[in-house]
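Coordinates in review
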Amino acid sequence: MTQDIWTAVDTYITDALVREDPAHDALRAQQEAGLPAINVAPNQGKLLHLLARMIGARRILEVGTLGGYSTIWLAKALPSDGRLITLEFDPRHAAVATASIERAGFGATVEVRVGPAIEALPKLAEEGGPPFDLVFIDADKQSTPQYFEWALKLTHPGSVIIVDNVVRAGRVVDPAGDADVQGIRRFQELLAASRRVTATAVQTVGVKGHDGFALAIVN
Ligand code: SAH
Ligand code: DHB
Ligand code: MG
């Protein structure tokens, strides 16, 4: 009953407001390739797009690509000379994403880096490129605290950091939760203790059930 109404309302909102979905084809490709349907919902993808546009993001970092669905929503927010680097552990996911990103016309804007994010992030820092204006963290939940620490190193005052899946159907409040919940809880503690950011978290319901996201701005 509850999930039914959440899904109905998400469908209602998406039908009304997300009729032009630049990443729609990526969802089909992702499904055909048998990848898990754990991408952000369309209205959440559009929220990422809006947030990126609101801050005039020119450089975006994503941790966790899957089939490129959220990637394409974010890439569409960039100016023509913008840049998006997305990190993906699974070569199969990366291949599906790369094809979809090309098809969506963002082949020149987006770079998919294959491998464990925990190795790619220090490499990005070593490369010494310009900082990122927006970081979207959405990979393995146990490592969220480390990804957040790297996001702080790779951003500038005014940058926005968004972290997906910080509620996990309410399991976040269980101190004895599984490894994912422990990761999210350690991340929340970091967020609460960090003077580098001003942050909040919001729980959400929708087609993906009960979850939520954290939103931070770098001070
Ligand atoms: N952001 C995507 C969904 C990402 S799902 C979207 O909304 O469309 C999480 C992804 O993180 C999966 O593709 C998974 O393979 C990847 N992942 C898991 N562990 C990882 C790691 N250690 N490093 C990089 N990516 C990882
Ligand atoms: C899972 C991962 C996600 O990024 C998400 O948004 C939902 C679920 C998962 O691993 O189950
Ligand atoms: Mg997610």
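Residues numbered from 1 in each chain as written. Chains lettered and ligands numbered in written order. Predicted model: local features only at pLDDT ≥ 70, side-chain atom pairs only at ≥ 80, totals over all residues. Heavy atoms only, no water.

**Considerations on the pattern of salt bridges**
The line we're drawing: Here, a salt bridge means any Lys or Arg side-chain nitrogen found within 4 Å of an Asp or Glu carboxyl oxygen. Here a strand is any run of E in DSSP of at least two residues, a helix any run of H or I of at least four, and the numbering for each starts at the N terminus. For every residue, the accessible area obtained with a 1.4 Å probe (protein chains only) is divided by the maximum for its type, and the residue is called buried under 20%, exposed over 50%, and partly exposed between those limits.
Counted by the stated rule, this structure contains 10 salt bridges. Across the pair Arg-83 and Glu-111 runs a salt bridge whose closest N-O atoms are separated by 3.1 Å. With Arg-83 in strand β2 (residues 83-88) and Glu-111 in strand β3 (residues 110-114), this pair connects stretches of sequence that are 28 residues apart. The class of Arg-83 is partly exposed, set by a relative accessible area of 28%.

**Details of the site of ligand 2**
Rule in force here: By convention in this text, a residue qualifies as near a molecule or strand provided that one of its non-hydrogen atoms is within 4 Å of it. Two N or O atoms form a polar contact when they lie within 3.5 Å of each other; inside protein one atom must be a possible hydrogen donor and the other a possible acceptor, and for residues adjacent in sequence the pair counts only when both atoms belong to side chains. Calculation of accessible area relied on Shrake-Rupley with a 1.4 Å probe; when residues are assessed, cover is drawn exclusively from the protein chains displayed. Gly falls in the polar group here, along with every residue not listed as nonpolar (Ala, Val, Leu, Ile, Met, Phe, Trp, Tyr, Cys, Pro) or charged (Asp, Glu, Lys, Arg).
For ligand 2, the full set of nearby residues is Ile-38, Asp-138, Lys-141, Asp-164, Asn-165, Arg-168 and Lys-208. Within the contact set of ligand 2, an oxygen atom lies 3.3 Å away from a backbone nitrogen or oxygen of Ile-38. Between an oxygen atom of ligand 2 and a side-chain N or O atom of Lys-208, the distance comes to 2.5 Å. In the complex, the protein chains occlude 71% of the 290 Å² of accessible area that ligand 2 would expose alone. Its residues placed into classes, the shell around ligand 2 shows one nonpolar, one polar and five charged.

**Points about the site of ligand 1**
Surveying the vicinity of ligand 1 reveals 21 residues, the closest of which are Gly-64, Ser-70, Glu-88, His-93 and Asp-138. For ligand 1, a nitrogen atom lies 3.1 Å from a polar atom in the backbone of Phe-89. Within the contact set of ligand 1, an oxygen atom lies 2.7 Å away from a side-chain nitrogen or oxygen of His-93. Burial of ligand 1 by the protein chains amounts to 88% of its free accessible area of 580 Å². Split into classes, the residues belonging to the shell around ligand 1 amount to 10 nonpolar, six polar and five charged.

**Details of the coordination of the magnesium ion (ligand 3)**
Six octahedral donors around a metal ideally subtend angles of 90 or 180 degrees, whereas four tetrahedral donors ideally subtend 109.5 degrees. To keep it simple, the criterion reads: Water is not part of the atom set, so a site may look incomplete; the donors themselves are N, O and S atoms within 2.8 Å of the metal, or 3.2 Å for Na, K and Ca.
Here the magnesium ion (ligand 3) is held by the protein donor atoms Asp-138 (OD), Asp-164 (OD) and Asn-165 (OD1), which lie 2.0 to 2.2 Å from it. Written as a sequence motif, the donor arrangement for the magnesium ion (ligand 3) is D-x25-D-N. Of the two residues, Asp-138 is situated in the loop between β4 (132-137) and α7 (144-153) and Asp-164 in strand β5 (residues 155-164); the sequence distance between them amounts to 26 residues.

**Things to note about the packing of aromatic side chains**
Formally: Working definition: a ring pair exists when centres of Phe, Tyr or Trp rings (six-membered ring for Trp) sit within 6.5 Å. Plane angles under 30 degrees give stacked, over 60 give edge-to-face, the rest tilted. Working rule: Lys NZ or Arg CZ, within 6 Å of ring centre, within 35 degrees of ring normal, means a charge sits over the ring.
All told, the structure shown has one aromatic pair when counted by the stated rule. On the basis of an interplanar angle of 75° and a centroid distance of 5.3 Å, the ring pair of Phe-148 and Phe-187 is categorised as edge-to-face. In this pair, Phe-148 sits in helix α7 while Phe-187 sits in helix α8 (residues 179-193), placing the two residues 39 residues apart along the sequence. Residue Phe-187 is classed as buried on the basis of its relative accessible area, which comes to 0%. The ring of Trp-150 carries the charged tip of Lys-153 above its face, separated from the ring centre by 4.4 Å.

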